[in-house]
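This is what each chain is made of:
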Amino acid sequence: MKYSTRLSDAVHILIFIHQSDSDTITSADIAKSIQTNPSYVRQIMAQLKAAGILLSSRGQATPQLAKPAPEITLLEVYKAVEKEKPLLHLDTHTNPECGVGVNIQLALADFYTQIQKGAEHSMQEITLQDIIEAYLKRIAQL
C-alpha cells in the first residue's frame, strides 16, 4: 500500500522557499531537493497558492509565503494538499460474509474519527515557524 507524502513535501517546499537566499526559485530547484519531478512540485505549489499559503505568479520563479511562518499551521497545509482525506483508512474490501470482517471496520470507525480529531487539534497548534526552528536546530547540531 502506498502512503501519501504530500504533507511532508508541501512543508519541504514551504521551508525551501522560506530559507532560500536566491531571488529566483524554480520548481526544478525544489524538485531536486525533494527528489521528484517539477510538475509534482508545481501541483503542490498550486494547491498551496489556492489555500492562500503561497504567493506565486505563472512563469515567474519568485514564490514566497503569503503570510508569516508563525501564522501558517500544519493543519492548514494538510488541508491544502490532502483536502478532507483522513489520516487513517478503513479496509472496505473485507469479506462481507465474515462477522469480524464487517464489524471490525465499524468498530474502528469511531476510534479513527477520534484519532483524526486529536491529530487535527495537534496540527492546529504546530506552525511552520515551529518546524523551521526544529529544522534550524538540527542543522546547528551537524
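Throughout, residues of each chain are indexed from 1 in the direction in which the sequence is written. Given that this is a predicted model, residues contribute local features only at a pLDDT of at least 70 and side-chain atom pairs are listed and counted only at 80 or more, while totals for whole chains, interfaces and linings are drawn from all residues. With hydrogens and water excluded, all non-hydrogen atoms of the structure serve as input to the side-chain values.

## What to know about the side chain of E82
Logical step 1: Within the fold, E82 resides in helix 4 (residues 74-82).
Logical step 2: The classification of residues rests on relative accessible area computed with a 1.4 Å probe and restricted to protein chains. Under 20% of the type maximum is buried, over 50% is exposed, and intermediate values are partly exposed. Residue classification places E82 among the buried positions, given a relative accessible area of 10%. Strands here are runs of E lasting at least two residues and helices are runs of H or I lasting at least four, both read from the DSSP assignment and numbered beginning at the N terminus.

## A closer look at unusual backbone geometry
Logical step 1: Even without being glycine, Q35 reaches a positive phi, approximately 65°.
Logical step 2: Examined against the element boundaries, Q35 turns out to sit in the loop between helix 2 (27-34) and helix 3 (38-50).
Logical step 3: Q35 gets classed as exposed once you look at its relative accessible area, which sits at 74%.
Logical step 4: At K83, a residue that is not glycine, the phi angle is positive and equals roughly 55°.

## Here we look at the packing of helix 4 against helix 5 (residues 99-125)
Logical step 1: Between helix 4 and helix 5, the least distance of the axes is 6 Å, while the angle of their chain directions is 120°. Taken together, helix 4 and helix 5 sit at an angle that is classed as oblique. Judged by residue contacts, L74, L75, Y78 and K79 of helix 4 engage Q116, E120, M123 and Q124 from helix 5.
Logical step 2: Gly falls in the polar group here, along with every residue not listed as nonpolar (Ala, Val, Leu, Ile, Met, Phe, Trp, Tyr, Cys, Pro) or charged (Asp, Glu, Lys, Arg). Its residues placed into classes, the contact of helix 4 with helix 5 shows four nonpolar, two polar and two charged. Every angle, taken between N-to-C directions, lies between 0 and 180 degrees, and every axis is a line fitted to C-alpha atoms, over only the stretch in contact when it is a helix. Angle categories are assigned with fixed cut-offs, so that under 35 degrees is roughly parallel, over 145 is roughly antiparallel, 65 to 115 is roughly perpendicular, and the rest are oblique. Residue contacts follow a heavy-atom distance rule, with two residues in contact if any of their heavy atoms lie within 4.5 Å.

## With respect to the environment of L90
Logical step 1: By the element assignment, L90 lies in the loop between helix 4 and helix 5.
Logical step 2: Taking the C-alpha atoms as reference points, L90 and I34, 56 residues apart in sequence, are found 29 Å from one another.

## Looking at a nonpolar patch on the surface
Logical step 1: To count toward a patch, a residue needs a relative accessible area over 30% and no salt bridge; like charges are then connected within 9 Å, while nonpolar side chains (Val, Leu, Ile, Met, Phe, Trp, Tyr) are connected within 5 Å. To measure how exposed things are, a 1.4 Å probe is used in the Shrake-Rupley method; for residues, cover is taken only from the protein chains shown. We define a salt bridge as a contact between a side-chain nitrogen of Lys or Arg and a carboxyl oxygen of Asp or Glu at a distance within 4 Å. A surface patch of nonpolar side chains, about 360 Å² in accessible area, is lined by L87, L88, F111 and I115.
Logical step 2: By secondary structure assignment, the location of I115 is in helix 5.
Logical step 3: A residue is classified by how much of its surface remains accessible, and I115, at 44% relative accessible area, is partly exposed.

## Structural notes on the pattern of salt bridges
Logical step 1: The full count for this structure, using the stated rule, is four salt bridges.
Logical step 2: For the salt bridge of E76 with K67, the shortest nitrogen-to-oxygen distance reads 2.7 Å.
Logical step 3: The partly exposed category is assigned to K67, whose relative accessible area is 24%.
Logical step 4: Residues E84 and K79 are paired through a salt bridge, measuring 3.4 Å at the closest nitrogen-oxygen approach.
Logical step 5: What makes E84 exposed here is its relative accessible area of 63%.
Logical step 6: For K79, a relative accessible area of 27% corresponds to the partly exposed category.
Logical step 7: Here the salt bridges share partners, and the residues they tie into one network are K79, E84 and E120.

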